[in-house]
Amino acid sequence: MKRNPGFFYKFILIPVLVLSLLLPMFIVEYKAYAAFDPSQAITFAEYSRGHRIENRVLFIGTYLINLNGLNDSIYDQAMESASDSGQDTVFYKSELAGGSWFSLSDSGNLADISTSGTPVDEADLADLYVQYYVDSKGKLVDVRNGAEKNPFNLVDPYDLRNLPELESLKNQYTYSKEKNSVTQAEFLNNRNSNDKGTLRADVYYYQIISAFFDMNLRDSETNRLDSRLDRLYQCYRNYKDKSNDEEAELVYDLMGKVDAARRIIVFEKLSQLDQNALDELYNLANGSYYTSKGNFRNPYSMNEANGIPGWLLGLKNSVNHDFYAGGKNAWRGYGWWTVLEPYVKFHEDDDDDEGEEEKNVFTPDTSIMDAISSCIESCQTSYSENLSKALQDSDNVMDHALFEYANKVIDSATPTGLSGDTVNYKHLDNIKAGVVRDQQGELNILNSVLLPRAEKTYSDNLHTGASGEYSAAVRNGKTAAVLDNILDTQKAKLETKRSDLQFVVAARHKRMSPEDGVEDCYAKIDLADSWKKGIKNDEYNARATQSDDDYIVWLKEEASKLKAEDDSLNSALDDLKEQKEELQQEMQACLDDNDLAGAKDKEAEIAATDQEIEKEIEKLSKDLENAGSAGEKAKILNDLGNSGEGLTDKLKDKAISKINNGEADSLGNLIDAIAGVGGADALEEIKEKLEASGGASASLMNNLNKAIASASGDGKNKNGSSSGDGSGKDDGSGSGSGSGSGSGSGSGSGSGSGSGSGDGSGDGSGDGSGDGSGSGSGSGTGGKSGLADKAGELSENDLLDAISSMFGDSSAWSDEVLASVICAMSALSDDGCIPAGRLARDYMDLALTRKNKFIYRKYAGDASQEYILIKTLSKVTAFRYVFDDSRMEAIVTKGLTVYTFVVGKEKGLLGNEEIDLVTPGVYKNGFYLDETDTLSFFKCEAQYVTGKDYAVCITPNVREKAEALLELFK
């Protein structure tokens, strides 16, 4: 359930806390919606004459709200009304000052709303408009008639004439805020059609626009959702009347999800489906059915019902009329067409037909076309917003369970309350939110529902083998790059399942004692190790095995983290190390005090402790050699901690001794142990001995190579952590593998592994990056290769060999590397290399599958210029980005550097100083700047990929890697 920072103020009685929580909410920017209609409100003076307004009431926009009745949805609606009406000062009727009104916009402490503050004269509020009042029980009433309203029905999703997203088109239709409809005669009069000579075109426009607003977008599913919403509202009101705020909050949250689901259906039909209303209207408005004489379109030229949704037929048929049926008598009557009689020709072979047609050439009305375009953007934005709010099923284990149990709760709702699995739904909601409110209850549903599902889903995907798509591609002779992409896509889907599983396991540990959590990790390591037996030995084997290995690595790190939370879980070796550290500090204190005798005694104690440490390491090394299971090995390695330096040589000597004695096949545990303590060099020596002896099996050598890769950090973690919290959705989530060249390793939030090779160490956050990053010298970008003469000679194998030689296997590429390869291939394609174009598109598909952070949808506007989506730019640079819908203003910041850009404006701001833009910023489902400006301000440019709707945001690092790859072809 969504909770904004100010939500729980309603349970607080102390006004100073109310101020401290509410004031940050009142300074946010408002989102603009429909223009305010004064006829839908009354003045505050009129309302206050007939109603007593109690204390603790907020006046936000056109809403009067008792603090106890305020919730997220009502707050949002009130703030929207503030933006729409221009009444953007928030007032509070304070109980601390005998019911005097105060402005909260300027308040900063308790004194400002008490007798020490400066009250606002109620007469100053007299001319402000009021639309709704919300009482202490959350009941919302229309102040004009006292009628109770469901807050989610204040904007009727099916009333197209009053849908805020369609306001710009309504203005072209009615020319009035107050009127919802006009007659054809009024429309023609408003447009002065006769005097302008546009009568025929305007009749055409009236027909299509009025038909659009007359559409009925309800269906059986929206009817079901309406019924659910009504039932939930009655349930909500009952809980509020009984002051059962906790249950009321849960029901209100579900109401919001149900409301969002029905709005998704409406906005799908308006702007998302292949056949949607606004696209159809745009085509009609562009004159697709218009003719300068006779029928606008012959209604019998096609079967209108063939494959066309019923709700769309009225719009498609809106200008159908057979003017010739019955001859000239067809004009008699009162149809919309009668006004067009002077324009209709009954003898199309008349000599003056051609001149008549030229006289009535159709010119699309730019105002109407722009209004429709604006509506399309608004509806698409609202569709996305509601999609994020709605209750929707998902193959994510956590979200599917929430969907399942929420539906059980909703279906159980009656006007008197909830039954069903309400308690379990609350548990799931808490788990998803990352909070612990009922430790045992939440643990029970994790154990009984989420964990079994997550483990089964992951293991099932682990064991599928190469997909049918891969087999088909092999049969069809697809290139190696295409085949790799298919396997990478399959691996990416597997990684999302691993992320789901890790989220569930981590959530369980959060509700366990550290001791139980650590033991659970070791048990899960054994289970994950057993899964290896079921991985098919085909082309997908390496990727599946890597994912399982990464899950085991995550479990080991989780065990280490949990162990560190409880000193009682220290091993004997841990205690000895702590004892040694304390003795060293005591010896240093003696030296500081010039107590040489005392220091000598402490030195002797340290030496004795070192001997005990050595004995314990020796004991653990023997235990490790004889360990029977993967979990047992992990526990011993965890107890060994960072004791690997001396241990590595001992284990290596034992391994070489076994090889010399012909016992190579018994090296398994020793190899695992050396890998566990990071002994890559020791493993390389063992490999040399094995190869020289000639007595190693293929499976042993395979395991040894994997161990070397694990210990060295190739495809595994070395200095950083591969794990992170995340549920597989939104922030801090998702899965994927990434690699970096240079120092450091690890991936950021979410599950996934990353690796880095080279000198230095990483902290495990972000992709590994090298020591030698920089932009280098010379000119050129990823988009200009300068290889036009040679490009046509390069084959796909030439390209793949070069890419592989520089960046290795694509399964280990970081987002940055993949973006660089796309840029380089796209640049070669622009120079005439056809195979490079195919690869650029293939790699773009891979990037989209991996949700590569450098990739964004192209601006669907001016095709002559290349733009960058600033939201994407902010993801790949150190800049932060906020967009203010009401002002169409983008704010981009880094430290003290603040850029401000406004859609359509040629001037921006750097701090308070004006700056010039080469091209004004544009907006379509996000704010875009031309790459010339982004290069100037942020050192980033765009690479558009031919044949794709997506582009790459090129940072200096991406550019450097792309140029390095292109150098191989010169």
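Residues numbered from 1 in each chain as written. Predicted model: local features only at pLDDT ≥ 70, side-chain atom pairs only at ≥ 80, totals over all residues. Heavy atoms only, no water.

Side note on the overall build of the protein chain
Working step 1: When its secondary structure is counted, the protein chain shows 34 helices and 22 strands.
Working step 2: Taking all 970 residues of the protein chain together, the buried fraction comes to 51%.
Working step 3: Intrachain contacts of the protein chain at a sequence separation of at least 6 include 66% that bridge at least 24 residues. (Helix = DSSP H or I, 4+ residues; strand = E, 2+ residues; numbered from the N terminus. Buried < 20%, exposed > 50% of the residue type's maximum accessible area, 1.4 Å probe, protein only. Contact = heavy atoms within 4.5 Å.)

Here's the deal with the packing of helix α9 (residues 245-272) against helix α15 (residues 422-433)
Working step 1: Contact geometry for α9 and α15: axes closest at 12 Å, N-to-C directions at 75°. In terms of orientation, α9 lies roughly perpendicular with respect to α15. Across the interface between the two elements, Glu246, Glu247, Leu250, Asp253, Leu254 and Lys257 from α9 touch Thr422, Tyr425 and Lys426 from α15.
Working step 2: For the contact of α9 with α15, the per-class residue count stands at three nonpolar, one polar and five charged. (Axes fitted to C-alpha atoms, helices over the stretch in contact; angles between N-to-C directions. Parallel < 35°, antiparallel > 145°, perpendicular 65-115°, else oblique. Nonpolar A, V, L, I, M, F, W, Y, C, P; charged D, E, K, R; others polar.)

Thoughts on the packing of aromatic side chains
Working step 1: Taken as a whole, this structure holds 40 aromatic pairs when the rule is applied.
Working step 2: Between Tyr859 and Tyr867 the ring centres are 5.0 Å apart and the planes differ by 65°, which places this aromatic pair in the edge-to-face class.
Working step 3: One aromatic cluster in this structure is built from Tyr204, Tyr205, Tyr290, Phe296, Trp336 and Phe362.
Working step 4: Above the face of the Tyr290 ring, Arg200 is positioned so that its terminal group lies 5.8 Å from the ring centre.
Working step 5: One residue, Lys408, lies across the ring of Tyr405, its end atom 4.4 Å from the ring centre. (Phe/Tyr/Trp six-rings, centres within 6.5 Å; stacked < 30°, edge-to-face > 60°. Lys NZ or Arg CZ within 6 Å of the ring centre and 35° of its normal.)

A closer look at the side chain of Ser193
Working step 1: Mapped onto the elements of the fold, Ser193 is located in helix α6 (residues 193-196).
Working step 2: Among the residues examined, Ser193 registers a relative accessible area of 1% and is labelled buried.
Working step 3: A polar atom in the side chain of Ser193 sits 2.5 Å from the side chain of Asp202.
Working step 4: The contact partners of Ser193, leaving out residues within four places of it in the chain, are Leu188, Thr198, Leu199 and Asp202. (Polar contact = N/O pair within 3.5 Å; in protein donor to acceptor, adjacent residues only side chain to side chain.)

What to know about the state of the cysteines
What makes a disulfide is a covalent bond joining the sulfur atoms belonging to two cysteines.
Working step 1: The tally for this structure, following the rule as stated, stands at zero disulfides.
Working step 2: Of all cysteine sulfurs, the one in Cys379 lies closest to Cys375, which takes part in no disulfide; the gap is 6.2 Å.
Working step 3: Free cysteine Cys953: the closest other cysteine sulfur is in Cys940, separated by 4.3 Å.
Working step 4: On the basis of relative accessible area, Cys953 is assigned to the buried category, the value being 0%. (Disulfide = S-S within 2.5 Å.)

Re the environment of Ile372
Working step 1: By secondary structure assignment, the location of Ile372 is in helix α13 (residues 366-389).
Working step 2: Here the alpha-carbon distance between Ile372 and Leu278, two residues 94 residues apart in the chain, equals 6.9 Å.
Working step 3: Setting aside residues no more than four positions away along its own chain, Ile372 makes contact with Leu169, Leu278, Leu281, Tyr282 and Ala285.

Considering the sheet that holds strand β15 (residues 889-894)
Working step 1: Read from one edge to the other, the open sheet built from five strands follows the order β14-β15-β16-β17-β18, with strand pairing classed as antiparallel. Among the strands making up the open sheet, the edge pair consists of β14 (880-884) and β18 (913-916). On average, adjacent strands in this sheet sit at an angle of 25° to one another, irrespective of strand direction.
Working step 2: Here four bridges tie strand β17 (residues 907-910) to β18, and the two strands are oriented antiparallel to one another. Across the sheet, the residue bridging to Lys907 is Asp916, located in β18.
Working step 3: On the sheet, helix α33 (residues 931-938) packs against β15, β16 (897-902) and β18 and is oriented at approximately 165° with respect to β16. (Pairing = 2+ DSSP bridges.)

Comments concerning the pairing of strand β4 (residues 91-94)
Residues in a regular strand project their side chains so that they alternate between the two faces of the sheet.
Working step 1: Where burial is concerned, the two faces of β4 agree: the one with Phe91 and Lys93 and the one with Tyr92 and Ser94 are both buried.
Working step 2: Relative to β4, strand β2 (residues 57-60) runs antiparallel, the two sharing three bridges. By the bridge assignment, Phe59 is partnered in β4 with Phe91.
Working step 3: Taken together, the four bridges between β4 and strand β5 (residues 100-103) define a ladder with antiparallel strand orientation. Note on β5: the bridge partner recorded for Phe91 is Ser103.
Working step 4: With antiparallel pairing between neighbouring strands as the criterion, β4 and β5 make up a hairpin whose turn holds five residues, including Gly98 at a positive phi of roughly 65°.

Some points on the nonpolar core
Nonpolar side chains in soluble globular proteins tend to end up buried together.
Working step 1: With 140 residues, the main nonpolar core has Leu166, Phe212, Leu270 and Leu450 as its most contacted residues.
Working step 2: Here this core gets 14 residues from one element, more than from any other, and that element is α9.
Working step 3: Contact partners of Leu450, with chain neighbours within four places excluded, come to Val397, Met398, Ala401, Leu428, Ile431, Ile445 and Val504.
Working step 4: By size, the runner-up hydrophobic cluster in this structure holds 65 residues, among which are Leu818, Ala824, Tyr881 and Ala962. (Core = buried A, V, L, I, M, F, W, Y, C linked by side-chain atoms within 4.5 Å.)

Overview of the environment of Glu558
Working step 1: One can find Glu558 in helix α20 (residues 541-564).
Working step 2: It is 8.6 Å that separates the C-alpha atoms of Glu558 and Gly517, two residues lying 41 residues apart in sequence.
Working step 3: Setting aside anything within four residues of it in sequence, one finds Glu558 in contact with Ala506, His509 and Cys521.
Working step 4: A polar contact is formed between the side chain of Glu558 and the side chain of His509, at a distance of 2.9 Å.

A look at the pattern of salt bridges
Working step 1: Taken as a whole and judged by the stated rule, the model has 43 salt bridges.
Working step 2: The closest approach of N and O atoms between Lys269 and Asp219, which form a salt bridge, is 2.9 Å. Of this pair, Lys269 sits in helix α9 while Asp219 sits in the loop between α7 (199-213) and α8 (220-241), and the two are 50 residues apart along the sequence.
Working step 3: In this structure, Lys316 and Glu280 form a salt bridge, with 3.2 Å as the shortest nitrogen-oxygen distance. In this pair, Lys316 sits in helix α11 (residues 310-316) while Glu280 sits in helix α10 (residues 277-285), placing the two residues 36 residues apart along the sequence.
Working step 4: Taking the relative accessible area as the measure of exposure, Glu280 reaches 12% and is therefore buried. (Salt bridge = Lys/Arg side-chain N within 4 Å of Asp/Glu carboxyl O.)

So, the sheet that holds strand β20 (residues 927-930)
Working step 1: Spatially, the three strands line up as an open sheet ordered β13-β20-β19, and their pairing is antiparallel. Each edge of the sheet is formed by a strand with only one pairing partner; in this case those strands are β13 (867-869) and β19 (922-923).
Working step 2: Here β13 pairs with β20 via three bridges, running antiparallel. Note that in β20 the partner of Leu869 across the bridge is Tyr928.
Working step 3: Contacting β13 and β20, α33 crosses the sheet at an angle of about 85° to β20.

A closer look at unusual backbone geometry
Excluding glycine, most residues fall at negative phi; most peptide bonds, likewise, are trans.
Working step 1: Notably, Ser243 is not glycine yet its phi reads approximately 60°, a positive angle.
Working step 2: Structurally, the position occupied by Ser243 is in the loop between α8 and α9.
Working step 3: One non-glycine residue, Lys851, lies in positive phi territory at about 55°.
Working step 4: Structurally, Lys851 is set in the loop between α31 (834-849) and β12 (855-857).

Some details on the side chain of Arg959
Working step 1: Here Arg959 is to be found in helix α34 (residues 956-967).
Working step 2: Assessed through its relative accessible area of 11%, Arg959 is described here as buried.
Working step 3: A distance of 2.7 Å separates the side chain of Arg959 from the side chain of Glu941, its partner in a polar contact.

Here's the deal with the environment of Ala964
Working step 1: With respect to the helices and strands, Ala964 occurs in helix α34.
Working step 2: Here the alpha-carbon distance between Ala964 and Met806, two residues 158 residues apart in the chain, equals 8.8 Å.

A word on the confidence of the model for the protein chain
Should pLDDT be low for a region, the predicted coordinates there are not to be read in detail.
Working step 1: Looking at the protein chain, pLDDT values average 79 and 80% of them are 70 or higher.
Working step 2: When the criterion is pLDDT under 50, residues 346-359 qualifies, and its contacts beyond four places in sequence or with other chains add up to 16 contacts.
Working step 3: Here residues 714-788 is modelled with pLDDT under 50, and outside its nearest four sequence neighbours on either side it reaches 204 contacts, counting other chains as well. (pLDDT = per-residue confidence, 0-100.)

Brief notes about α15
Working step 1: Compared with an ideal rise of 1.5 Å per residue, which puts twelve residues at 16 Å, α15 spans 16 Å between its outermost C-alpha atoms and is within 8% of the ideal.
Working step 2: All of the buried residues along α15 are Thr422, Tyr425, Lys426, His427, Leu428, Asp429, Asn430 and Ile431.
Working step 3: Where α15 is buried, its residues touch α9, α14 (397-412), α16 (439-462) and α18 (480-510).
Working step 4: Just past α15, the residue Gly434 takes up positive phi, approximately 80°. (Expected span 1.5 Å × (residues − 1).)

Digging into helix α30 (residues 815-830)
Working step 1: A rise of 1.5 Å per residue sets the reference length of α30, with its 16 residues, at 22 Å; its end C-alpha atoms lie 23 Å apart and thus fit the reference within 8%.
Working step 2: Most of α30 sits out of view: 14 of its 16 residues are buried.

Quick look at the packing of α9 against α13
When two helices pack together, their arrangement is given by the angle between the helix axes and the distance between those axes.
Working step 1: Closest axis-to-axis distance for the α9/α13 pair is 8 Å, and the angle between their directions is 150°. The pairing of α9 with α13 is recorded here as roughly antiparallel in orientation. At the point where α9 passes α13, the crossing takes the left-handed sense. Contacts between α9 and α13 involve Lys257, Ala260, Arg263, Ile264, Phe267, Glu268, Leu270, Ser271 and Gln272 from the first element and Ile376, Cys379, Gln380, Ser382, Tyr383, Asn386, Leu387 and Lys389 from the second.
Working step 2: Partitioning the contact of α9 with α13 into residue classes produces eight nonpolar, five polar and four charged. (Left-handed = near helix turned anticlockwise from the far one by under 90°.)

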